[in-house]
Amino acid sequence: MEKALAGVKVLDLTQFEAGTSCTEMLAWLGADVIKVEPPKMGEQGRWMITEKPGVDSHYFILLNANKRSITLNLKSERGKEIFLELVKQVDILSENYSLGTLESFGLGYNRLREINPRLIYLTIKGFGTYGPYSKFKSFDMIAQAAGGAMSLTGFPGSPPLKPGPTIGDTGTGIHAACGVLAAYIQRQRTGKGQKVEVAMQEAVFNFVRVPMMDTYITHEPTQRRGNRLGGGAVGDIFKCAPGGPNDYVYMLCTTPEMWQALCNIIGHPEVPEDPRFKDRKEREKYIEELTRIIEDWTSKHAKHEVMKVMGEAGVPCGAVLDSVELLNDPHLKERGMVVTIDHPVRGKFTMPGCPVKLEDSPAEVESAPLLGQHNAEIYGRMLGLKDSDLEQLKQQGVI
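The rules we used
Residues numbered from 1 in each chain as written. Predicted model: local features only at pLDDT ≥ 70, side-chain atom pairs only at ≥ 80, totals over all residues. Heavy atoms only, no water. Helix = DSSP H or I, 4+ residues; strand = E, 2+ residues; numbered from the N terminus. Buried < 20%, exposed > 50% of the residue type's maximum accessible area, 1.4 Å probe, protein only. Contact = heavy atoms within 4.5 Å. Areas by Shrake-Rupley, 256 points an atom, 1.4 Å probe, with all protein chains shown as cover. Lys, Arg positive; Asp, Glu negative; His and termini not counted. Charge placed at Lys NZ, Arg CZ, Asp CG, Glu CD. Polar contact = N/O pair within 3.5 Å; in protein donor to acceptor, adjacent residues only side chain to side chain. Salt bridge = Lys/Arg side-chain N within 4 Å of Asp/Glu carboxyl O. Phe/Tyr/Trp six-rings, centres within 6.5 Å; stacked < 30°, edge-to-face > 60°. Pairing = 2+ DSSP bridges. Right-handed = clockwise from strand over helix to strand, strands pointing away. Axes fitted to C-alpha atoms, helices over the stretch in contact; angles between N-to-C directions.

**Describing the overall build of the chain**
Item 1. Helix and strand content of the chain: 19 helices and eleven strands.
Item 2. Reported as C-alpha extents along the three principal axes, the dimensions of the chain are approximately 80 × 50 × 45 Å.
Item 3. Every one of the 399 residues in the chain was classed for burial, and the buried ones make up 45%.
Item 4. Within the chain, counting contacts between residues at least 6 apart in sequence, those at least 24 apart form 68% of the total.
Item 5. Total accessible area on the chain is roughly 20700 Å²; 56% of this is exposed by carbon and sulfur atoms.
Item 6. Of the charged side chains in the chain, 46 are positive and 50 negative, and the gap between their average positions amounts to 5 Å.

See the structure below:
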């Protein structure tokens, strides 16, 4: 079955996570993503975080599924010539180098759009290409700090805390994929490409728009609340059996019906009518007592059991699943969100799949490529280079 983005060609110059998560999403959806890497060592993510020297890291494999890899020295004159020939034949180019890197090679956007006016050029930077912070470097945690996520995370009175998910990196990548696809759709109407820019700080800032609501009311910074939703709502984590570090569930009741259902299950149907818990403002005063009543029941049951019972009763409830549990979760496996691939070196490898489900073109996860694995295929098909040409380029350090 033809994929949604079949026929879309992407030159992927991204490294680490913010950019690679974007191009991986495009690859999952069917785009032909050609990863361009430096000869010999490849993209830094291949080897900087690996426990086995000489073997591609789990980090790289998780972020580069469904792509093809070629090697190319963009600092060499011949490498630049080859690169420009490739640019003429692709729809999208993505990069997240430090500001000015491609321009220093003579391969900036203004040069590339001259040779391919239909090119969609994606650039991802920590703080964008202009503004007072534009020259500052960034990683995920820098974006989480400067984008507002850390100021909202933690318990009252505690220092700011970095959220565990890499919303500064992969969150930026998903925003970038949205921007690239919007530009591609617009090109269908206009025939013209354009530059798409996503800043990591701004992607995180977009994630915190709802928690900022307090600021509009109090004109003060939004305060850290830990796991509690606040405002008298029943929303918090609750301990479960047998009491391990992740033996918790999160429950949230937003309607009287949910609240009554929860109380019925824990054996206290009278609680919603208790004067201490009936009114939101009063409930806030007695929240510790309310937590004790709920945990007296949840602490006697396993988190999966609590999630099942509450879920079937219409009470929103999620077990706190750790990384091992996620990779073995039967629900995620059935939905194709946890898949096992065959890596050429590591063998069987279980990883998250594509979270976007298209009915007519479901995503199939393929292993991340080895360094330069597709040199002969891509250079031969796109540029007509023969094996002897490739060998010469390799000896010259171009590929």
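**Some words on the environment of S361**
Item 1. Mapped onto the elements, S361 comes out in the loop between β11 (347–352) and α18 (375–383).
Item 2. The residues contacting S361, other than those within four sequence positions of it, are M1, E2, K3 and A4.
Item 3. Of note is the side chain of S361, whose polar atom sits 3.5 Å from the backbone nitrogen of A4.

**What about the pattern of salt bridges?**
Item 1. Summed over the entire model, instances satisfying the criterion amount to 25 salt bridges.
Item 2. When the shortest N-O distance is used, the salt bridge between R46 and E37 registers 2.7 Å.
Item 3. Linking K348 and D342 is a salt bridge whose minimum nitrogen-to-oxygen distance equals 3.0 Å.
Item 4. Residue classification places K348 among the exposed positions, given a relative accessible area of 64%.
Item 5. It is possible to trace a salt-bridge network through shared partners that takes in D32, R68, E377 and R381.

**Details of the packing of aromatic side chains**
Two aromatic rings, taken as a pair, are described by how far apart their centres are and by the angle between their planes.
Item 1. Per the stated rule, a full pass over the model turns up five aromatic pairs.
Item 2. Centre to centre, the rings of Y133 and F136 are 5.7 Å apart; their planes meet at 20°, and the pair counts as stacked.
Item 3. Overall, the relative accessible area of 48% leaves F136 in the partly exposed class.
Item 4. Put simply, the rings of F127, Y133 and F136 touch in pairs and so form one group of aromatic residues.

**Here's the deal with the pairing of strand β1 (residues 9–12)**
Item 1. One ladder, built from four bridges, connects β1 with strand β2 (residues 32–37); its direction is parallel. In the strand pairing of β2, K9 is matched with D32.
Item 2. Viewed along the sheet, the connection from β1 through helix α1 (residues 18–28) into β2 turns out right-handed.
Item 3. The sheet contact formed by β1 and strand β4 (residues 92–95) spans three bridges and is parallel. By the bridge assignment for β4, D12 is matched with S94.

**Details of the sheet that holds strand β7 (residues 234–239)**
Item 1. Read from one edge to the other, the open sheet built from three strands follows the order β7-β8-β9, with strand pairing classed as antiparallel. In this open sheet, the two edge strands, each paired with only one partner strand, are β7 and β9 (317–319). On average, each strand axis in the sheet is tilted by 15° relative to the strand beside it, whichever way the strands run.
Item 2. In this sheet, strand β8 (residues 248–253) lies alongside β7 in antiparallel orientation, the contact comprising six bridges. Its bridge partner lying in β8, V234 is registered against C253.
Item 3. Packed on one face of the sheet, helix α11 (residues 256–265) meets β7 and β8 and runs near 140° to β8.

**Some details on the pairing of strand β5 (residues 120–125)**
Item 1. Within β5, six of the six residues are buried, which leaves it mostly tucked inside the rest of the structure.
Item 2. In terms of strand pairing, β4 meets β5 through four bridges, oriented parallel. Opposite S94, over in β5, you have L122 as the bridge partner.
Item 3. Pairing between β5 and strand β6 (residues 195–199): five bridges, direction parallel. Along β6, the bridge assignment pairs I124 with V198.

**Concerning the side chain of T23**
Item 1. Relative to the helices and strands, T23 is located in helix α1.
Item 2. Taking the relative accessible area as the measure of exposure, T23 reaches 1% and is therefore buried.
Item 3. At 2.8 Å, the side chain of T23 forms a polar contact with the side chain of D12.
Item 4. Residues in contact with T23, not counting those within four places in the same chain, are V10, D12, T14, V33, K67 and S94.

**Regarding the sheet that holds β4**
Item 1. Strands sit in the order β3-β2-β1-β4-β5-β6 across an open sheet of six strands; the sheet is parallel. In this open sheet, the two edge strands, each paired with only one partner strand, are β3 (68–71) and β6. Here the average twist between neighbouring strands, direction ignored, is 20°.
Item 2. Bridging between β2 and β3 involves four bridges; their strand directions are parallel. Bridge pairing links V36 to I70 in β3.
Item 3. Sheet strands touched by helix α3 (residues 77–87): β1, β3 and β4. Its angle to β1, the strand with the most contacts, is close to 150°.
Item 4. Against the sheet, helix α9 (residues 200–207) contacts β5 and β6, and its axis sits at roughly 65° relative to β6.

From the geometry alone we can't say anything about function, so treat these as descriptive.
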